[in-house]
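Reading the structure
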Amino acid sequence: MKKTILVAGSLNMDMVMEMARMPAVGETILGDTLSYVPGGKGANQACTVAKLGGRAVMLGCVGRDDFGESLRGNLAAAGVEVSKLKTGESSTGAASIYVDGAGNNSIVVIRGANEECDISYIDQNDSLLRQCSYVMLQMEIPYETIFYVIKKAKEYGKVVILNPAPAPGPGAIPEEIYKKIDFITPNETELKTLTGVPDCGRESLEKGAGLLLEKGVGNVMVTLGEQGAVLVNAQGSMYFPAMRTMAVDTTAAGDCFNGAFVTALADDMAVPEAIRFANAAASVAVSRKGAQSSIPSAEEVQRVLAEAKHNDDNKVTV
Ligand code: RIB
């Protein structure tokens, strides 16, 4: 029986506009395409777990509207257990996503029904929290709910993974919460926002990760986009290079990384192996358009890993 991964988080309908370059402030430009794609950091991570063959259960809230139905249906089709998703009174969450010719993105999220993912809803689903092995969260649902889930998860002895995205400023996460996080997974910008370190250079990165470790986090895993990822913990730091790929859209690459990482842990892979697996999954995701539409299958990830081994471009630096 597979270990269950509970994802408590957001579901958004992504309105994706592609354009050659991002508009400047005050500028109007002509874009190329418009598409509606299922997204939301929580849903993307749950979808990744299921597509990679893991057992994912999702807690979150959609509106009583077509977008909500579509998001629910898409996750169910991917194999996520969605029977406990809440239907709220607000409209389903939405994200406006600009993607430029180099595959970079800019995202604005309107949380909508995600804000109704409250503590009483979590309490109604306490049995799911008790039954799972891993709890994964992001930061597009109310903070008080996130902190409540983390407290409960630790009380029940679960492994807690927090992807602090979008990142709040220093001080927003209570000190007592940091001690209950096994893995925190910011990207460089999120690490900067979260800890107040001045830039994304190697020294700042280690300093920022060090600050989080001092607060009691078990492991800090910083995703570095096309550079890969760094794991920092009490044993030191380890760098994992990204797999070579042609990026067309980086939307949800971090979600894919996070979902793949926890899936690998639940499959009993050691942490370094799980990070290599997550790097491989993210390399496929960036080569395709959209959020959930870009998530690979386990077979695709294994192919990338086999190729990377063949090319010897998968080395770890301590
Ligand atoms: O990480 C990408 C996701 O961020 C998008 O799917 C969007 O909905 C926002 O949540």
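Heads up: these notes are all about the structure in this document. Keep in mind that what you see is a predicted model, and the values were worked out from it rather than measured. (Residues numbered from 1 in each chain as written. Predicted model: local features only at pLDDT ≥ 70, side-chain atom pairs only at ≥ 80, totals over all residues. Heavy atoms only, no water.)

What follows concerns the state of the cysteines. Throughout this description, disulfide means a covalent bond between two cysteine sulfur atoms. Taken as a whole and judged by the stated rule, the model has 0 disulfides. We note that C117 lacks a disulfide partner, and the nearest cysteine sulfur, in C61, lies 6.8 Å from it. Sulfur of C132: no disulfide; nearest cysteine sulfur belongs to C117 and is 14 Å away. Among the residues examined, C132 registers a relative accessible area of 2% and is labelled buried. (Disulfide = S-S within 2.5 Å. Buried < 20%, exposed > 50% of the residue type's maximum accessible area, 1.4 Å probe, protein only.)

A few words now on the site of the ligand. Close to the ligand lie 14 residues; D14, G40, K41, E140 and D255 are nearest. Within the backbone of G40, a nitrogen or oxygen atom sits 2.9 Å from an oxygen atom of the ligand. The fraction of the free accessible surface of the ligand (280 Å²) that becomes covered by protein chains is 97%. Mapped onto the shell around the ligand, the elements with two or more residues apiece are β2 (12-18), α1 (41-51), β7 (93-99) and β8 (105-110). (Near = heavy atom within 4 Å. Polar contact = N/O pair within 3.5 Å; in protein donor to acceptor, adjacent residues only side chain to side chain. Areas by Shrake-Rupley, 256 points an atom, 1.4 Å probe, with all protein chains shown as cover. Helix = DSSP H or I, 4+ residues; strand = E, 2+ residues; numbered from the N terminus.)

Our focus in this paragraph is the nonpolar core. Residues L11, M58, L75, V80, F261, I275 and F277 are the most contacted members of the largest nonpolar core, which totals 52 residues. In terms of residues, this core owes the most to one element, helix α10 (residues 271-285), which gives 9 residues. Residues L6, L137, L212 and V232 belong to the second largest nonpolar core, which totals 41 residues. (Core = buried A, V, L, I, M, F, W, Y, C linked by side-chain atoms within 4.5 Å.)

Now for the pairing of strand β13 (residues 229-233). Of all the 5 residues making up β13, 5 are buried; the element is thus mostly covered by neighbouring parts of the structure. Residues A229, L231 and N233 point to one face of β13 and V230 and V232 to the other, with burial holding for every one of them. Counting the residues between successive antiparallel strands, the hairpin from strand β12 (residues 219-223) to β13 contains 5 residues, one of them, G225, with a positive phi of roughly 60°. Direction of pairing for β13 relative to strand β14 (residues 236-240): antiparallel, over a ladder of 5 bridges. Bridging from a neighbouring strand, V232 pairs with S237 of β14. In this antiparallel pair of consecutive strands, β13 and β14, the connection spans 2 residues. (Pairing = 2+ DSSP bridges.)

Attention now goes to the packing of aromatic side chains. As enumerated under the stated definition, the model contains 3 aromatic pairs in all. Judged by centre distance (5.9 Å) and plane angle (35°), the rings of Y36 and F67 are tilted. With Y36 in strand β3 (residues 33-39) and F67 in helix α2 (residues 66-78), the pair connects residues that are 31 residues apart, well separated along the chain. Here Y143 and F147 contribute two aromatic rings whose centre-to-centre distance is 6.1 Å and whose plane-to-plane angle is 45°, an arrangement assigned as tilted. Within this pair, Y143 and its partner F147 are both found in helix α5 (residues 143-155), separated by 4 residues, close to a single helical turn. (Phe/Tyr/Trp six-rings, centres within 6.5 Å; stacked < 30°, edge-to-face > 60°.)

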